[in-house]
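Residue strings, one per chain:
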Amino acid sequence: MAEGAGEEKKKFSIWDLPDVPVGQLPPHLELQRSRVSCNKDAPIHTESIQYSGAYASMGIDNSSRLDRFSNNFRVEVVRLNEDDMEFDMIGIDAAIANSFRRILIAELPTMAIEKVLIANNTSIIQDEVLAHRLGLVPIRVDPRLFDYLSENDQPNEKNTVVFKLHVQCKRGSPRITVKSDALKWLPNGSELVKETRNATSDSSSKPETYTYFGCSQETIPEFVKNPIIPKYPDIIIAKLGPGQEIELEAHAVKGIGKTHAKWSPVATAWYRMLPEVVLLEDIEDDLAEELKSKCPVNVFDIEDLGKGRRRATVARPRACTLCRECISGDDWEKRVALRRVKDHFIFTIESTGALPPEVLFTEAVKILEDKCERVITELS
Amino acid sequence: GRYNLIFYLKICFPNDYWIQFHPFNSFVSWFGDLEIGLKETMEHGSFTDNSAATFSLTDEDHTIANAIRFTLNQDQMVTFCGYSIPHPSEARVNIRVQTTGDPAREVLKDACQNLMLMCRHVRCTFDKAVEDFKASNAVKAMKIDSQDSSGDDSEESE
């Protein structure tokens, strides 16, 4: 089709316009890439755009190269106690954060009671129920000092911890509650004697027990001043009525949470993305009061503008639980935007006591490194 | 002692191959039975074109596979990558890698190396952050003791 005479067809590129920023994504795409928009009905843009060539047509490199990652990655610890911690990881992707969480729950080794040798149990708690409850008691010992016990190994001081429980409720005395502090550590190994076939006992050496301790565990330097005990002394294991008795020996071994949850070192570990609450327009006076009262966790605050006018501000976005109360009424969705930052994770780790939570996280990262190394070795 | 069997080629199809890499962890126990702990990686691809392959890892699950898939995506030579778990009861993961010409195995190895470096960096940063936090808390505790002031309004969110 012939154009009007005198009109030239110029090659027009949007990048030539003076106010278009080059090398960055336009703001709406940046929002899509880095934030999850939590709308009233459902969140959108939840997937992380990982493909390195995703924005290639705009001339933007989406690959997170290692140097950029190293520069932008930050960790900020918010709370650190003996048993739990909360920290922020900024600049990492959900895939890696989830790997850490999975490893914390299922692949960090701990010590837990596995074999229970019951000599006498006249209580109303069945043997297997008692053994199950004993397995779930967290033990305060560093699992890195021990080795795994496989089927062919003999239980010795390097892979087993032995506890004894001997409680008796005498006739005429009131009922007793057996708590976990009744578990006594036996640093010299098992005291239950194995029945040997030989009727003639050889007068030499001590009788054979169920473990083969070469030396007492008390001599190991880490246990000299701190004996191995359950972490919490007040866990109820059983209850005894008059005349009932429990006598047993419990052997604890090293394992991981994948095999059985008793070996999981964390009560739980979870993460959430940082919430971002944005006021899309100025909210003043009555609307501001209404907004502040709607939020159950007091994310919003009122500030005075002078002359009796007030304005709402976002004071504590981190506390937001995304209950969506603030966008629930009519028109509120136009005024308030709820978002989550895709690469800012608030991690919480609650340890059951074997290891402090910061050590747990470091060990989890080491385990991911080891897995990678194994894959690399197998590929070469 | 420990035996490492060398890999062997098993030719199934004219243009495809299965390479079985050396099994890891084969022990001879004290009584002489040979126990082979199977931990193999198999690569299924084409003889002629090694830029696309599927790697089958045993004893692995989403934990490592999703992380490797993420680092693979970041690599600019990768045109396609993904992972699948053929059956949830079997601990096996298939990772598919298609590249723009480089051998898929090398690209996968690079991705694993990148993941390892990222982990190391995470660990360093985390350790430093914990140390800084403990140090600043110790200073705060001393200040509170000396001034005898109350109220430590640190933000604690759920």
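Residues numbered from 1 in each chain as written. Chains lettered and ligands numbered in written order. Predicted model: local features only at pLDDT ≥ 70, side-chain atom pairs only at ≥ 80, totals over all residues. Heavy atoms only, no water.

1. A closer look at empty space enclosed by the protein
Scanning all chains against the criterion turns up two cavities of 30 Å³ or more. Its boundaries defined by the atoms lining it, the largest cavity holds a volume of some 50 Å³. Lining the largest cavity are V277(A), C295(A), P296(A), V297(A), V299(A), F300(A), C320(A), T321(A), C323(A), R324(A), E325(A) and C326(A). Looking at the second largest cavity, its volume works out to about 40 Å³. Forming the walls of the second largest cavity are R374(A), V375(A), E378(A), T41(B), L57(B), T58(B) and E60(B). Counting only elements with at least two residues in the lining of the second largest cavity, the list comes to α7 (357-379) of chain A together with β6 (52-58) of chain B. The element best represented in the lining of the second largest cavity is α7(A), accounting for three residues. Of the residues contributing to the lining of the second largest cavity, the split by class is two nonpolar, two polar and three charged. (1 Å grid on protein atoms, 1.4 Å probe; cavity = no way out; pocket = protein on both sides within 12 Å on 5 of 7 lines; lining within 4 Å. Points joined across faces, edges and corners; volume = space filled by probe spheres on them. Helix = DSSP H or I, 4+ residues; strand = E, 2+ residues; numbered from the N terminus. Nonpolar A, V, L, I, M, F, W, Y, C, P; charged D, E, K, R; others polar.)

2. Details of the UniProt feature "domain: DNA-directed RNA polymerase RBP11-like dimerisation" (unreviewed entry) in chain B
Here, the residues flagged by UniProt with the feature "domain: DNA-directed RNA polymerase RBP11-like dimerisation" (unreviewed entry) are residues 52-123 of chain B. Segment residues 52-123 of chain B splits into 46% helix and 31% strand. End C-alpha atoms: 33 Å apart. (UniProt positions renumbered as here; feature names shortened; annotations may be inferred.)

3. What about the packing of helix α3 (residues 94-106) of chain A against helix α1 (residues 62-74) of chain B?
Where α3(A) meets α1(B), the closest approach of the two axes is 9 Å, and the angle between their N-to-C directions is 165°. Classified by the angle their axes make, α3(A) and α1(B) are roughly antiparallel. Two packed elements cross with a definite hand, and for α3(A) against α1(B) that hand is left-handed. Listed contacts from α1(B) to A95(A), I96(A), S99(A), R102(A) and I103(A) of α3(A) are H62(B), T63(B), N66(B), A67(B) and F70(B). (Axes fitted to C-alpha atoms, helices over the stretch in contact; angles between N-to-C directions. Parallel < 35°, antiparallel > 145°, perpendicular 65-115°, else oblique. Left-handed = near helix turned anticlockwise from the far one by under 90°. Contact = heavy atoms within 4.5 Å.)

4. Examining the pattern of salt bridges
According to the stated counting rule, one finds 35 salt bridges over all chains in the structure shown. The shortest N-O distance in the salt bridge between E208(A) and K194(A) comes to 3.7 Å. Taken together, the residues span a long stretch of sequence, with E208(A) in the loop between β9 (184-185) and β10 (229-230) and K194(A) in the loop between β9 and β10 at a distance of 14 residues. For K194(A), a relative accessible area of 27% corresponds to the partly exposed category. The network of salt bridges with common partners includes R102(A), E107(A), K258(A), K371(A), R374(A), E60(B) and D61(B). (Salt bridge = Lys/Arg side-chain N within 4 Å of Asp/Glu carboxyl O. Buried < 20%, exposed > 50% of the residue type's maximum accessible area, 1.4 Å probe, protein only.)

5. What to know about the interface of chain B and chain A
Facing 52 residues of chain B, the contacting portion of chain A comprises 55 residues. Contact between chain B and chain A buries roughly 5000 Å² in total, counting both sides, with carbon and sulfur atoms accounting for 63%. Along the contact surface separating chain B from chain A lie seven salt bridges. Taking the shortest distance from any N to any O, the salt bridge between R102(A) and D61(B) comes out at 3.1 Å. For the pair chain B and chain A, the number of links is nine residue pairs in polar contact (both at pLDDT 80 or more). For the side of chain B that touches chain A, the elements supplying multiple residues, two or more each, are β6, α1, β7 (78-84) and α2 (104-147) of chain B. (Buried area = accessible area lost by both parts, 1.4 Å probe. Polar contact = N/O pair within 3.5 Å; in protein donor to acceptor, adjacent residues only side chain to side chain.)

6. A word on the nonpolar core
General note: in soluble globular proteins, nonpolar side chains tend to be found buried as a group. Membership of the largest hydrophobic core comes to 60 residues, with the highest contact counts inside it found for F87(A), M89(A), F100(A), L104(A), I349(A), F361(A) and L72(B). It is α2(B) that contributes the most residues to this core, 14 residues altogether. Those residues in contact with L104(A), other than ones at most four positions away along the chain, are S264(A), P265(A), V266(A), A269(A), F347(A), I349(A), L360(A), F361(A) and A364(A). (Core = buried A, V, L, I, M, F, W, Y, C linked by side-chain atoms within 4.5 Å.)

7. A closer look at α1(B)
With 13 residues, α1(B) should cover 18 Å at 1.5 Å per step; its first-to-last C-alpha distance of 18 Å lies within 8% of that length. Of all 13 residues that make up α1(B), eleven are buried, and the element is covered over most of its length. For α1(B), the full list of buried residues reads T63(B), I64(B), A65(B), N66(B), A67(B), I68(B), F70(B), T71(B), L72(B), N73(B) and Q74(B). Against the buried residues of α1(B) lie α3 and α7 of chain A together with β7, β8 (92-99) and α2 of chain B. (Expected span 1.5 Å × (residues − 1).)

8. As for the pairing of strand β16 (residues 336-351) of chain A
Residues and elements named next belong to chain A. With 14 of its 16 residues buried, β16 lies for the most part within the structure. As judged from the three bridges shared by strand β1 (residues 35-38) and β16, these two strands associate in the antiparallel manner. Across the sheet, R35 pairs through a bridge with V341, a residue of β16. Strand direction decides the pairing type here: strand β4 (residues 84-90) and β16, joined by seven bridges, are antiparallel. Of the residues in β16, the one forming a bridge with M85 is I349. In this structure, strand β13 (residues 266-279) lies alongside β16, joined through twelve bridges in antiparallel fashion. Counted as the bridge partner of L279 is V336 from β16. (Pairing = 2+ DSSP bridges.)

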